[in-house]
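Notes for the structure review
Listed below are the residues making up each chain.
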Amino acid sequence: MNTRKVTGSVIAAIALLTIGGAAQADIGGALKMCVNCHGTDGRGTESDVPIIAGIPAFVQEDALYAYLDGDRDCGSKPLMCKSVSRLSEDQIVELAEHFAALPYVPANEDFDESLAGVGKTLHMKNCAICHGRDEPGDAQASILHGQRKDYIRYALQQYAAGKRKQLPAMEKKTTALSADDIEALLNYYASYQN
């Protein structure tokens with residue numbers, strides 16, 4: 001467990017209890033950095049930028065700390081690492097809570113129905129235990145249903161290249177995926193639409 005995360009959560013809670021709304025104002029500048037790519041609704045517009053609205057706060061905190069600690073390579077988006085490096089632990093907690101509180105709305109991308117059927121089988125076998133069976137609401141980790149295909153492809157490439165740390169159980173599954181498996185999964189996730 002990341003002790004900074006626990007400390008940050010405790011500090012944020014104390015700050016909220018003692019100074020009320022002033023703690024929320026503290027993330028104003030940090031929030032402006034985030035919305036440049038992710039939008040005020042947490043959905044953004046670029047295909048390789050993930051939808052972060054509605055993603056559980058603990059998942060978002062872990063991701064921000066992974067960037068901060070160098071456990072995630074910023075790759076094509078070096079601005080992400082630069083932005084995160086400016087955040088305090090309190091801001092990380094509050095930003096994660098802010099975006100988690102927004103409603104998750106799928107990307108509504110095109111998909112191939114036959115590939116989506118194959119992808120559903122792969123998801124149920126390999127991913128559903130953490131990422132939910134049939135919809136975002138039952139995910140215990142990051143939401144994949146309705147997430148942008150380009151972003152998931154990029155994340156899987158980063159996992160395969162060792163540029164993004166993952167749990168051993170997940171690594172065993174992601175490294176076994178073929179290029180065809182990945183495309184099938186991406187089409188399955190894209191098939192979840194509102």
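Data block above holds the structure.
So, a few notes on the structure that sits alongside this text. Model, not experiment: these values are computed from the prediction.

What to know about the overall build of the protein chain
Helix and strand counts for the protein chain stand at 11 helices and 0 strands. When the elements of the protein chain are put in sequence order from the N terminus, they spell out α-α-α-α-α-α-α-α-α-α-α. Taking the contacts inside the protein chain whose residues are at least 6 apart along the sequence as the reference set, 73% of them involve residues at least 24 apart.

Comments concerning the pattern of salt bridges
Applying the stated criterion across every chain, the model contains 3 salt bridges. Note that K165 and D71 form a salt bridge whose closest N and O atoms lie 3.4 Å from each other. You can see K165 sitting in the loop between α9 (149–160) and α10 (168–174) and its partner D71 sitting in the loop between α4 (57–69) and α5 (78–85), a full 94 residues away along the chain. Taking the shortest distance from any N to any O, the salt bridge between D150 and R153 comes out at 2.9 Å.

Some thoughts on the packing of aromatic side chains
Overall, the coordinates contain 1 aromatic pair when judged by the stated rule. For the pair Y188 and Y189, a centre-to-centre distance of 5.6 Å together with 50° between the ring planes defines the contact as tilted. Here Y188 and Y189 have matching classes, each one buried. Looking at R72, its charged tip hangs above the ring of Y67, at a distance of 5.4 Å from the centre.

So, the packing of helix α3 (residues 28–38) against helix α6 (residues 89–100)
The contact between α3 and α6 brings their axes to 10 Å, and the two run at 50°. Of the possible angle classes, the one that applies to α3 and α6 is oblique. Note that α3 runs across α6; the crossing there is right-handed. Here α3 contributes A30, L31, C34 and V35 to the contact with α6, which in turn contributes Q91, L95, H98 and F99. Counted by class, the contact of α3 with α6 contains 6 nonpolar, 2 polar and no charged residues.

Examining the nonpolar core
Among the nonpolar cores identified, the biggest contains 15 residues, and I152, L156, L177, I182, L185 and Y189 are the most heavily contacted of them. Looking at this core, the elements that each hand over two or more residues are α9 and α11 (179–190). With near-sequence residues (within four places) excluded, L185 lies in contact with G119, L122, H123 and L177. Counting 14 residues, the second largest nonpolar core, distinct from the first, contains I27, I52, L87 and F99.

Cut-offs and rules
Residues numbered from 1 in each chain as written. Predicted model: local features only at pLDDT ≥ 70, side-chain atom pairs only at ≥ 80, totals over all residues. Heavy atoms only, no water. Helix = DSSP H or I, 4+ residues; strand = E, 2+ residues; numbered from the N terminus. Contact = heavy atoms within 4.5 Å. Salt bridge = Lys/Arg side-chain N within 4 Å of Asp/Glu carboxyl O. Phe/Tyr/Trp six-rings, centres within 6.5 Å; stacked < 30°, edge-to-face > 60°. Buried < 20%, exposed > 50% of the residue type's maximum accessible area, 1.4 Å probe, protein only. Lys NZ or Arg CZ within 6 Å of the ring centre and 35° of its normal. Axes fitted to C-alpha atoms, helices over the stretch in contact; angles between N-to-C directions. Parallel < 35°, antiparallel > 145°, perpendicular 65-115°, else oblique. Left-handed = near helix turned anticlockwise from the far one by under 90°. Nonpolar A, V, L, I, M, F, W, Y, C, P; charged D, E, K, R; others polar. Core = buried A, V, L, I, M, F, W, Y, C linked by side-chain atoms within 4.5 Å.

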